[in-house]
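So you can see what is in the structure, the chains are spelled out below.
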Amino acid sequence: FCLSRYSMGIRQKLAREFGSSLNKDGVLGKNSTNDVIVTSVRSNTYSEELGSSKFCGVLPGDGWSGRMEDSILHGCIPVIIQVWIHILTQPGCQII
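Notes on the structure follow. Only a predicted model underlies this, so the values are computations on that prediction, with no experimental measurement involved.

Rules of the game
- Residues numbered from 1 in each chain as written.
- Predicted model: local features only at pLDDT ≥ 70, side-chain atom pairs only at ≥ 80, totals over all residues.
- Heavy atoms only, no water.
- Patch = residues over 30% accessible without salt bridge, like charges linked within 9 Å, V, L, I, M, F, W, Y side chains within 5 Å.
- Areas by Shrake-Rupley, 256 points an atom, 1.4 Å probe, with all protein chains shown as cover.
- Salt bridge = Lys/Arg side-chain N within 4 Å of Asp/Glu carboxyl O.
- Helix = DSSP H or I, 4+ residues; strand = E, 2+ residues; numbered from the N terminus.
- Disulfide = S-S within 2.5 Å.
- Buried < 20%, exposed > 50% of the residue type's maximum accessible area, 1.4 Å probe, protein only.

## Some thoughts on a nonpolar patch on the surface
Among the surface-exposed residues, F55, I77, V79 and I81 lie close enough to one another that they form a single nonpolar patch of about 350 Å² accessible area. Structurally, V79 can be placed in strand β2 (residues 77–80).

## Re the state of the cysteines
Scanning all chains against the criterion turns up one disulfide. Linked covalently through their sulfurs, C56 and C76 form a disulfide whose S-S length is 1.9 Å. With the S-S bond torsion at 110°, the cross-link from C56 to C76 turns out right-handed. Separated by 20 residues along the polypeptide, C56 in strand β1 (residues 55–58) and C76 in the loop between α4 (67–73) and β2 bring together distant segments of the chain. Classification of C56 as buried rests on a relative accessible area of 6%.

## Here we look at the pattern of salt bridges
Taken as a whole and judged by the stated rule, the model has two salt bridges. The salt bridge partner of K13 is E17, with a shortest N-O separation of 3.9 Å. On the criterion of helical spacing, the pair formed by K13 and E17 is a turn pair, its members being four residues apart in helix α2 (residues 10–18). Looking at E17, the relative accessible area reads 15%, which means it is buried.

Below, the structure is given as structure tokens:
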């Protein structure tokens, strides 16, 4: 089982670029900034972080689990980064 295949390498790439928690070598992402959270660490303030975010990543892995729903319910715009995705919407709704 290859973790980079699990997420198509997207999670690892985001962590290398924007990681906001230290990796196994004690290094942050190359372009880490205080207003972008990319971490593999579970957060006790997950709900608050989503609620205060404008955009939330919905990344591949074990399906989307609840990430899409969590984002929308917290007022965060879900950003889907994955190929070959088709989303069913209600009639009259348009996804750009």
